[in-house]
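# Architecture at a glance
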Amino acid sequence: MEHSDLIQPMILPLMDSGEDFTYSNFLSGDDSLYPVINDATGSTSALSDAGDLGIANAASPVTALTARSSLQKQRLERRGHTKSRRGCFNCKRRRIKCQETRPACGHCMKTGLQCEYPAAPQVVHQPQHQIPLFSLQDMRFFQHFLFTCFPNHPIGNESIWTHEIPSLSQTYEYLMHAILGLAASDLMQQDPSLVTFAMMHRLKAIKAIKKTLNEAPKSNNFEEGNALVATCFALTFQSVILDDGMPEFMTFIRGIVLVSMQMVTKGTRPLFTNLQQSDPQKLLKPIIESIPPVSTSFIMSASHSIRALAALCTSDLEFQYQQFLVGIADALPTSSYLAYEILCKHYSWWIQLPHDRFRNLIDPNSQIFTLLAAHWIALKQIMAPITQVEMQMRSQEPRSGVRSVDLGTARWLKHLNRQVDAEHRRYNDWPVWVEQQLERDVTFFGKTMASLLT
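So, a few notes on the structure that sits alongside this text. (Residues numbered from 1 in each chain as written. Predicted model: local features only at pLDDT ≥ 70, side-chain atom pairs only at ≥ 80, totals over all residues. Heavy atoms only, no water.)

## What to know about the overall build of the protein
Per the secondary structure count, the protein includes 20 helices and two strands. Scored against the burial criterion, the 454 residues of the protein give a buried share of 51%. Sequence separation of 24 or more characterises 77% of the internal contacts of the protein that already satisfy a separation of 6 or more. (Helix = DSSP H or I, 4+ residues; strand = E, 2+ residues; numbered from the N terminus. Buried < 20%, exposed > 50% of the residue type's maximum accessible area, 1.4 Å probe, protein only. Contact = heavy atoms within 4.5 Å.)

## Brief notes about the environment of Cys98
Structurally, the position occupied by Cys98 is in the loop between helix H3 (89-94) and helix H4 (106-111). Look at Cys98 and you get buried, because its relative accessible area is 4%. A sequence separation of 11 residues divides Cys98 from Gly87, and the C-alpha atoms of the two residues are 5.0 Å apart.

## Notes on the pattern of salt bridges
Enumeration according to the criterion identifies four salt bridges in this entry. Of the charged contacts, one joins Glu248 and Arg202 as a salt bridge, the two residues approaching to 2.5 Å between their closest N and O atoms. Linking Glu248 in helix H10 (residues 246-265) with Arg202 in helix H8 (residues 195-215), this pair joins segments that are 46 residues apart in sequence. By the burial criterion, Glu248 is buried, and Arg202 matches it. Lys414 is the partner of Glu439 in a salt bridge, and the nearest nitrogen-oxygen pair spans 3.9 Å. Note that Glu439 is positioned in helix H20 (residues 429-440) and Lys414 in helix H19 (residues 410-419), a separation of 25 residues in sequence. Using a relative accessible area of 53% as the deciding quantity, one classes Glu439 as exposed. For Lys414, a relative accessible area of 30% gives the class partly exposed. (Salt bridge = Lys/Arg side-chain N within 4 Å of Asp/Glu carboxyl O.)

So, in structure tokens, the structure goes:
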């Protein structure tokens, strides 16, 4: 099987054209999904203004030193001298000091000569203290992205991520900010102090992409469409590194689908291959079918816990969500591929929801949707041997070599478990148990790779 023929079912499943899914669905509502830095804790919170963390406007010590040197140089250049440099032609020819009076100097008036001055030079003042948009720290982030943390989706597009996308980022600032934000977040796991840089770049990317998406229906630009798709991918992957990033992860996946559909509608060729194909799961079917079923001991408690949630479901949206999870749990003991297929259908379901229903699905104030999300993410953890197959299909490994196993979406599980109130905590025992096993050993359920999306 050629890697270039592989597709990415988990991000972009087969889309049904009849659903209500438009730009207004993606852009409607407030900015409550977009985080900013909380100065006290370093965690994320609601976006009040994507501006002005003060970082981009602060001069570095190197810049300040350069400015002082330039100022001293100017002062040296301003020292007075007696020789006239703007005198008239007659005085220059006679090599005498010109009084430079207008319209005629005193010497020309005295001798009756016609006084003519050289044309005044046009002086263009260049900004001498302009702070560069990207710093040496950003160059470090950019290199880390190229060598280590470029996304592994869509599968088979690694060379696009390490060649074409970096080139596009030189033109589209929001793509550059998304790349730098993803890299900073990845490095943040070893250096938590980078959280400020990670969130600053993320906020700038989000603010710019929202503005661009509002104008995208008027545009038919090949480069811009691909830059938007790549930006959404980078923001999606960065969301996995944020403890409370699940709603944004889901939002930006919808953005990827939306932009790519608009590109296809306008006849614009996507730069990424394998974005949308019919029945994409079939290409991974032979590999996934060879994976042994998940341990029955894991599944029995999962199935019991998910079925207990039915007593709390009151709307069709809640019942549909719960039934997808029941289907995955029922399939896992007998067929790894069937469970994976249902998981992909679950993605396709919420990706195509109208905006209002999607907002309900990710409402942090809803205890039932918090419980459903906790069970969904817990299921993904015990399915790690299955879902990490996508990572194994990567045709180009990062140059940094083998990386340690990453928590991936298990970060969200810890956050979701903390959001369950005392009244509903008894419905959440199984997701809490999954979290506890992962805290003791991140490979407990069979995860062996540094895959973010499992």
